[in-house]
Amino acid sequence: DNCEHLIGGCAKTAETILQRCPKVGVLATSREALGIPGERTYRVPPLSLPSAGESNPAAMASCDAVALLADRAAAHGVNLALDPGTTPVAVSVCRQLDGMPLAIELAAARLRSMSLAELAGRLDQRFRLLTGGSRTALERQQTLAATVGWSYSLLTPGEQLLLGRLSVFSGSFDLAAVEHVCGYGAIDLLDVAGLLGSLVDKNIVVTEPALAGLRYRLLETIRLFAAERLEEAGQDAADAVREGHCAHYFAVAEAAVPHLYGPELGSWLDRLEADHANLQRAAEYAASEPDGIARVLRFGIALRRYWGSRHPSDEIVRLLLPVLRRPEAAADPALYAEALALVAGLNGGTDLPASIQLAQQADDIARGLGDNRVRTWTSMALCGLYSTAGDWDHADPLGHEVVSLARQVGDDLLLAMALRAHGSSILPVKLRRAAYAEAIACAERSGDVGVRMGIFNDVGVLALENGDVAAARAPLEAAIRAAEALGMQHLVAWGNLADVLRIQGDLDGARLAFEDVVRNSRRIGGMWSLAGATLGLALLAADQGDWQRAVMLLGATHALLARLGARLSPFDERRREETLGQAAAVLGDEQVQQDYAHGRALSYDQAIELALRQAAV
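None of the values given here were measured: they were computed from a predicted structure.

Re the state of the cysteines
Here, the word disulfide means a covalent bond between the sulfur atoms of two cysteines.
And then number 1: Enumeration according to the criterion identifies zero disulfides in this entry.
And then number 2: Not part of a disulfide, Cys-3 finds its nearest cysteine sulfur in Cys-10, a span of 3.7 Å.
And then number 3: Cysteine Cys-21 remains unbridged, with the sulfur of Cys-10 as its closest cysteine sulfur at 17 Å.

What follows is the structure, given as structure tokens:
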């Protein structure tokens, strides 16, 4: 047992036994393989944890890691009741501890003096916190720090240095990244692969299969320990590694740009998704540096299609908005204008009035630059926001302008985006249909699935508004398929398809789809898709004769749109008015007014609760 600190002697002993006693088998536990003939290696995994999307408390409580935490807590006289409130917290503790049995046992001992929630909130200080091991255990097993420190002490100086540098990575990383970030100074670039392989052999670094080859990661406990060793090397040494990490992933972001506009979009979104945690950490580092303003804005612009496709928009908004407020951010007007337009577009689903102000500022700057490409991006963002707000007087002329600018640029994909924005900014059906038809042709020539996804949704909505429900279904389903091909959920298209199902009489299918949109909108903060699904559920309730629920949901829709700063499209406004009129004929005007006011007064969470509550009939 524990051969790692006497690996050479253990290897010779085992080999001698096996050579002279052919019927004998040897079971050896070690941080690394003995490396002798006939050896078969079994890597002992951490204890099982629930899958990332698991929400069933019983399923979460049955996984090995949580079961061990509860069992060891009971041994210390603590009754860890795993109910729907505590189970997710217990899972969080076990996940933060990477399912490591000793760490979980030490955490259970700490529950004698603090609550489960307090423990979960303090695990960033786990080496000070988890110290309550058995007095009869080996000294290296009495605290988490001693256990990890024991393994660290068995590494060579080169392995220790590389491990400290690896602590700058977040999530998984590839060999090329390690070579670029860590291969300098005392670690020769040509030695990186060998040192990394040695850390894998010693089970300090974990490997994960990936489409492009192996990826690597550190368990969080190991990463925190390694980060402390990096800090001990001095501020200059730590800053050099962080700067190298930022520089590498900035290069990754800019190298991705030409591939994110065209037929390679899906595969490159997947590539960037593998590096998401590192891209985010690198951008945060750039934002924290006094001279990093231009770099973090370029980060955002380079990855605007990635962040806008795969992650909640507030993630990049929280990063870029404080940077844009610094006086130095305007030093490069073109960069500043594009970044303002990017944040405005991403934030449009949360705070529409503020986003319109940002987009207007961006467009004002771009008008003075003489750069049609930048101007197309800024005007397109402003046009889209005005359309969402229902301000057609501003949206329509901007739409014409955007298309004219994009034609001058001569880029099919940009023109497709501009035509789509124009189609959403005008009301005459004939003009909208023509804009979308040309947009689809441009999108087909570009090979870009992402822009086709949006246009297909808009074509479906146009058919729906014209009363051609059968014609609406195919483009909406095409939009959803395109989103799935990109690893996305097009919640607006799902909501529109649910509306088609409702009109075609599939009320159960419509309800399930609307409710799914509500749940996912809450998860990602999608206020526009949430309001659309709430409206759909109101119309569904009216179809079923549940007039009071229908009116309250209409009031809740009003509140959600007011929170966003938007209003219904003319088509949806007509449907709202018709439903309220029908409800008044059944309930009376006074009751409708009361129920509508009740719905408007609901909080965000209460509105979602109402939307997900089953209909009374």
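Here the narrative resumes, following the displayed structure.
As for unusual backbone geometry
And then number 1: The backbone phi angle of Asp-98 is positive, close to 60 degrees, even though this residue is not glycine.
And then number 2: Considering the arrangement of structural elements, one finds Asp-98 in the loop between helix 4 (87–96) and helix 5 (101–110).
And then number 3: Take Asp-98: its relative accessible area is 11%, and that puts it in the buried class.
And then number 4: Its identity as a non-glycine residue notwithstanding, Asn-203 has a phi of 60 degrees, on the positive side.
And then number 5: By the element assignment, Asn-203 lies in the loop between helix 11 (192–201) and strand 1 (206–208).

Description of the side chain of Arg-375
And then number 1: Within the secondary structure, Arg-375 sits in helix 21 (residues 372–389).
And then number 2: Among the residues examined, Arg-375 registers a relative accessible area of 10% and is labelled buried.
And then number 3: Among the polar contacts made by the side chain of Arg-375, one reaches the side chain of Glu-401 at a distance of 2.4 Å.
And then number 4: Non-local contacts of Arg-375, meaning those with residues more than four positions away in its chain, are made with Asp-363, Ala-366, Arg-367, Glu-401 and Leu-405.

Regarding helix 22 (residues 392–409)
Every α-helix winds through 3.6 residues per turn, so residues three or four apart in the chain are directed the same way.
And then number 1: Look at helix 22: 25 Å from first C-alpha to last across 18 residues, which is about the 26 Å you get at 1.5 Å a residue.
And then number 2: Taken as a whole, helix 22 has its buried residues at Ala-395, Leu-398, Gly-399, Val-402, Val-403, Leu-405 and Ala-406. The buried residues of helix 22 occupy one face: seen down the axis, they fall within an arc of 165 degrees. Facing away from the buried side of helix 22 by more than 90 degrees, the exposed set consists of Asp-393 and Gln-408.
And then number 3: Those residues of helix 22 that are buried lie in contact with helix 20 (352–367), helix 21 and helix 23 (412–425).
And then number 4: Remark: Gly-410 follows helix 22 within two positions and exhibits a positive phi of approximately 80 degrees.

Rules behind the numbers
- Residues numbered from 1 in each chain as written.
- Predicted model: local features only at pLDDT ≥ 70, side-chain atom pairs only at ≥ 80, totals over all residues.
- Heavy atoms only, no water.
- Disulfide = S-S within 2.5 Å.
- Helix = DSSP H or I, 4+ residues; strand = E, 2+ residues; numbered from the N terminus.
- Buried < 20%, exposed > 50% of the residue type's maximum accessible area, 1.4 Å probe, protein only.
- Polar contact = N/O pair within 3.5 Å; in protein donor to acceptor, adjacent residues only side chain to side chain.
- Contact = heavy atoms within 4.5 Å.
- Expected span 1.5 Å × (residues − 1).
- Arc of directions from axis to C-beta.

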